[in-house]
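# Secondary and tertiary structure notes
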Amino acid sequence: MGRQNVLELRGVSKVYGTVIKTQALTDVNLGFEEGSFSAIIGQSGSGKSTLLNILGTLDKPTTGEVLIAGRRTTEMKSNELAKFRNVNLGFIFQFHYLLPEFTVFENVIMPYLIKDKGILPFGVKEQAEKLLALVGLTQVKDKNSQQISGGQQQRTAIARALLNNPKVVLADEPTGNLDSDTTETVYQLLRQINKDFGTAFIIVTHDRRIAEKTDRIIEIRDGRVVMDVGIASTA
């Protein structure tokens, strides 16, 4: 048997507005397997940001279904969905969104501090330590998040996204603010995590060089999937 889809869109369309309607997505059908490594590309206004928000259950489709680990998220109530998202999905953004008043270590464990109202379950600190070692930040873990470089801040955000051991990580322009050398470092780190942990990655990027290093490129144009191809990895 082949790998199972860990995230799936079935007939997803998205319309904004009531009087003046804007069709952001039209009949999108996509499946992402466990351990896959995919890129979504498209020009500004193509619908890729809407697509990412729906994949991440941050927005709901007007019609269609979103399934994560076989469960229909579109049927979940908001509280249930928030908990489900926190367990199953990780997010990395172009802007790292670290909290400036906290250390690198505290930023990494923040998902649990939020989820469990400041109480850390057993093993979370150890998991955070391991992730910081994985992304090469052990030496700066006690520094304020504003005292480290941009590349280190993005690596902190990657560690934070992985803390709950999510099935899928959604990365929105994760290298958009980084220079070319740091971009390559971050890309290789994502690849390593993908291979070592089997975490599926879906990367929205304007950078064709990054997209062409993934295993699959999906192109969105005018709210529709116009290309969906598997490519040879050069990682």
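It should be noted that the structure appears before, not after, this text.
No experiment lies behind these values; they were computed from the predicted model shown. (Residues numbered from 1 in each chain as written. Predicted model: local features only at pLDDT ≥ 70, side-chain atom pairs only at ≥ 80, totals over all residues. Heavy atoms only, no water.)

To continue, consider the pattern of salt bridges. Under the definition given, this model contains eleven salt bridges. We note a salt bridge from Glu8 to Arg10, for which the minimum N-O separation is 3.2 Å. A relative accessible area of 36% places Arg10 in the partly exposed class. When the shortest N-O distance is used, the salt bridge between Glu65 and Arg72 registers 2.9 Å. Judged by its relative accessible area of 24%, Glu65 is partly exposed. Using a relative accessible area of 36% as the deciding quantity, one classes Arg72 as partly exposed. Shared partners join several salt bridges into a network, and the residues in it are Glu8, Arg10, Glu65 and Arg72. (Salt bridge = Lys/Arg side-chain N within 4 Å of Asp/Glu carboxyl O. Buried < 20%, exposed > 50% of the residue type's maximum accessible area, 1.4 Å probe, protein only.)

This model, assessed by the stated rule, comprises one cavity of 30 Å³ or more. When the residues that make up the lining of the largest cavity are grouped by side-chain class, the tally is four nonpolar, three polar and two charged. (1 Å grid on protein atoms, 1.4 Å probe; cavity = no way out; pocket = protein on both sides within 12 Å on 5 of 7 lines; lining within 4 Å. Points joined across faces, edges and corners; volume = space filled by probe spheres on them. Nonpolar A, V, L, I, M, F, W, Y, C, P; charged D, E, K, R; others polar.)

Side chains of residues three or four places apart in an α-helix project in the same direction, reflecting 3.6 residues per turn. For helix H2 (residues 78–88), the complete set of buried residues consists of Leu81, Phe84, Arg85 and Asn88. The buried residues of H2 all sit within an arc of 100 degrees when viewed along its axis, so they share a single face. For H2, the exposed residues lying more than 90 degrees away from the buried face are Asn79 and Lys83. Buried-residue contacts for H2 involve strand S4 (63–68), strand S5 (71–72), strand S6 (89–93) and strand S7 (168–172). (Helix = DSSP H or I, 4+ residues; strand = E, 2+ residues; numbered from the N terminus. Arc of directions from axis to C-beta. Contact = heavy atoms within 4.5 Å.)

Turning to helix H6 (residues 180–197), a few remarks are in order. Taking 1.5 Å of rise per residue, the 18 residues of H6 would be expected to cover 26 Å, and the 26 Å separating its terminal C-alpha atoms lies within 8% of that figure. Every buried residue of H6 is accounted for by Thr183, Val186, Tyr187, Leu189, Leu190, Arg191, Ile193 and Asn194. In this fold, the buried residues of H6 make contact with strand S3 (37–41), S6, helix H4 (124–134), helix H5 (150–162), strand S8 (200–204) and helix H7 (208–211). Downstream of H6 by a residue or two, Gly198 has a phi angle that is positive, lying close to 70 degrees. (Expected span 1.5 Å × (residues − 1).)

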